[in-house]
Amino acid sequence: MTGPGAQKKVGPNDKCPCDSGQKANKCCQAGAAAAPTHTPMQGPKGQVLPGNAEELWNMAKDADRAGEFTKAAHFYTMAIDVVVKGMPRDQHGKASDADLVKYNKSSDGKLAKLLSDRSNVYLRQGNIEDAVEDAQTCTRADPANEKGHLRVAVALEAAGAALQLQLEACEAGLAACPESEVLVNRKWRLKKAIAEQPESVRAREQKDSSEPSIEETRRVADDASDPMRGMAAADLGCAFAVGAHGLPKDLQEAERYLRLGSKGGDVGAQRNLGIILLDLGRPVEAAEELSKAAAAGDEQAAEVLEQLSGEIAEKQAQARAKLEAMAASGDPRAKAMLEELFAQD
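Residues numbered from 1 in each chain as written. Predicted model: local features only at pLDDT ≥ 70, side-chain atom pairs only at ≥ 80, totals over all residues. Heavy atoms only, no water.

## Comments concerning the packing of aromatic side chains
Given two aromatic rings, their pairing is described by the distance between the two centres and the angle made by the two planes. Tallied over the entire structure, the rule returns one aromatic pair. The interplanar angle of 5° and the centroid separation of 6.0 Å between the aromatic rings of phenylalanine 240 and tyrosine 257 together place this pair among those described as stacked. On the criterion of sequence distance, the pair formed by phenylalanine 240 in helix H12 (residues 229-242) and tyrosine 257 in helix H13 (residues 251-263) is long-range, its members being 17 residues apart. Cation over ring: lysine 61 sits above tryptophan 57, and NZ or CZ is 4.7 Å from the ring centre. Over the aromatic face of tyrosine 257 sits the side chain of arginine 256, whose NZ or CZ is 4.3 Å from the ring centroid. (Phe/Tyr/Trp six-rings, centres within 6.5 Å; stacked < 30°, edge-to-face > 60°. Helix = DSSP H or I, 4+ residues; strand = E, 2+ residues; numbered from the N terminus. Lys NZ or Arg CZ within 6 Å of the ring centre and 35° of its normal.)

## What to know about the environment of alanine 131
Along the chain, alanine 131 turns up in helix H6 (residues 128-141). Alanine 131 gets classed as buried once you look at its relative accessible area, which sits at 0%. Alanine 131 sits 10 residues away from valine 121 along the chain, and the two C-alpha atoms are 7.7 Å apart. Leaving out residues up to four positions away in the same chain, alanine 131 has contacts with Ser119, Tyr122, Leu123 and Ala155. (Buried < 20%, exposed > 50% of the residue type's maximum accessible area, 1.4 Å probe, protein only. Contact = heavy atoms within 4.5 Å.)

## Observations regarding the nonpolar core
One finds Tyr76, Leu111 and Leu114 to be the most contacted residues of the largest nonpolar core, which totals 34 residues. Of all the secondary structure elements, the ones that give two or more residues to this core are helix H2 (53-65), helix H3 (69-83), helix H4 (97-106), helix H5 (110-125), H6 and helix H7 (146-158). In terms of residue count, H3 provides more of this core than any other element does, eight residues in total. If sequence neighbours within four positions are ignored, leucine 114 has contacts with Trp57, Tyr76, Ala79, Ile80 and Val83. In terms of nonpolar packing, the next biggest core, distinct from the first, is built from 19 residues, Val220, Leu247, Tyr257 and Leu273 among them. (Core = buried A, V, L, I, M, F, W, Y, C linked by side-chain atoms within 4.5 Å.)

## Description of the pattern of salt bridges
Applying the stated criterion across every chain yields a total of 18 salt bridges. Across the pair aspartate 62 and arginine 65 runs a salt bridge, and its minimum N-O distance is 2.6 Å. Placement of both aspartate 62 and arginine 65 in helix H2 is noted, with a separation of three residues, approximately one turn of the helix. Residue aspartate 62 is classed as partly exposed on the basis of its relative accessible area of 45%. Accessibility expressed as a relative area gives 64% for arginine 65, which makes it exposed. Residues arginine 282 and glutamate 285 are paired through a salt bridge, measuring 2.9 Å at the closest nitrogen-oxygen approach. (Salt bridge = Lys/Arg side-chain N within 4 Å of Asp/Glu carboxyl O.)

The following block contains the structure:
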């Protein structure tokens, strides 16, 4: 028996409840199965949806209050698309912190609020991963958004994240919103829960939370405005070089990110880039990078550079001996080249 608050299950060939006029499997169910990106462009029959972010936001909130979460997510997405129209993205579809702050400011704070609201809808849909991402993007767009930081903490809890990671999210929120009572209360609740954990669990969670995800490392490495870009690019380049952290081995990507790290002054990136360039048969470029690292005090780079110099000297000696033998046999070109070498010495 169906209860008074229950909704009839919508089949794939039924009309979509968002009033787009399409079958569910071509509309909201298709979006839910792949990613929440498709938004029907019509409301009730004959009504064209507005292109104004404020009106779309109100429609999203109405759908949210009515418990129509899929429809609400679509309207929130449409409103966000209006607000961020023209915003630059990197090759992975990510926007920089600077651009998020810029577009949030130009929309009078709407971007962060929309992301916070959509995060809440995603959470109630059980779409935890997108709920976390929206909440985190909200705090990047508006670092002082208390609700956004709370959304991050709640979404991480729903995701079953380590207590230490949840605590760090709360502390990051409090650093930006020191007067937040709700974040303070959550922080001390988490501290109590962590203190009650077995020592082995606590140590493992602390270790895991200290290591940033590869996605976060890539985001920082691709963000030219992030002061940690050089370090992140160096780490990502090393991961590509050996195929670590779930990434495929890709020397081209490794070189690209290690160059970013080298330009940012990361000594490890300079050394590892030099080693990769040697493997790629480009000793002159390799020597340049290794020299930078060696000059900064990197002992491994100095050893590789010394070995490379020794190999070059050995090859030069072999070439000179060959020239001398050719000159002794009467080769005029070899004699001329030897004379030039003697003049340089």
